[in-house]
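Listed below, chain by chain, are the residues.
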Amino acid sequence: MTKKVIHGIYDDDELLLNGAKKLRASGIKIKEVFSPFPIHGIDPVIGVPRTRLAICAFIYGITGTSLALLMMWYMMVSDWPTDVGGKPNWTLYHNLPAFIPITFEITVLCAAHGMAWTFFLRSWILPGVSPKNPDPRTTDDKFLMLIEAKDEDVQKVVSLLKETGASEVNEK
């Protein structure tokens, strides 16, 4: 039993979304969709589970908060405590209100940089890595639906893609 890869290329995102709904209703599994911009509502239609990136963002943010508080405790309390305006810096909890803006900024900094690196590593957008995009036109104005089908299902998939408004259907 061999599988063929079929590319259904659409000119409009609404046509692609409606086509994906029809294909899924027919029992055909869509492997991937490539588009020049995010298509609202496509994830549940093609069966993509919810992302766990929010967990990563939370972990990066907590790391930033911890590093900020540790840094300020070390600098202001442990290493070089100073008496500023009659207010000594001998404990962290007495000075916490003054540390809130810096803590917030470092939390956001660590979360943003961590998410950027996670995005680059997860999507393989790295120097020297060849793109996984099967058709370069999907970065400009075309929408591609990638389907892996068994030999006996190829005709059904091709006819459904043409029915749903695909401007091009290619078998690989």
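Criteria and cut-off values
- Residues numbered from 1 in each chain as written.
- Predicted model: local features only at pLDDT ≥ 70, side-chain atom pairs only at ≥ 80, totals over all residues.
- Heavy atoms only, no water.
- Helix = DSSP H or I, 4+ residues; strand = E, 2+ residues; numbered from the N terminus.
- Expected span 1.5 Å × (residues − 1).
- Bend = angle between axes of the 7 residues up to and from the residue.
- Buried < 20%, exposed > 50% of the residue type's maximum accessible area, 1.4 Å probe, protein only.
- Contact = heavy atoms within 4.5 Å.
- Phe/Tyr/Trp six-rings, centres within 6.5 Å; stacked < 30°, edge-to-face > 60°.
- Core = buried A, V, L, I, M, F, W, Y, C linked by side-chain atoms within 4.5 Å.

As a further point, take helix α3 (residues 53–79). Its 27 residues place the ends of α3 37 Å apart at the C-alpha level, agreeing with the 39 Å of an ideal helix rising 1.5 Å per residue. Considering bend angle alone, the principal kink of α3 is centred on W73 and spans about 30°. All of the buried residues in α3 are G61, G64, A68, M72 and V77. Of the surrounding elements, those touching the buried residues of α3 are α4 (92–123).

Once that is clear, we can look at the packing of aromatic side chains. Evaluation of the coordinates by the stated rule reveals three aromatic pairs. With a centroid separation of 5.4 Å and an interplanar angle of 85°, the aromatic rings of F37 and F143 are classed as edge-to-face. You can see F37 sitting in the loop between β2 (32–34) and α2 (42–46) and its partner F143 sitting in strand β5 (residues 143–150), a full 106 residues away along the chain. For F37, a relative accessible area of 39% corresponds to the partly exposed category. With a centroid separation of 5.8 Å and an interplanar angle of 55°, the aromatic rings of F119 and F120 are classed as tilted.

Among the nonpolar cores identified, the biggest contains 23 residues, and L16, L23, I30, I42, M145, I147 and L161 are the most heavily contacted of them. Counting residues per element, the ones that place at least two in this core are β1 (3–10), α1 (13–25), α2, β5 and α5 (154–163). It is α5 that contributes the most residues to this core, five residues altogether. Dropping the residues within four chain positions of it, M145 is found in contact with I6, H7, G8, Y10, L16, G19, A20, L23, I30, E32, V33 and L161.

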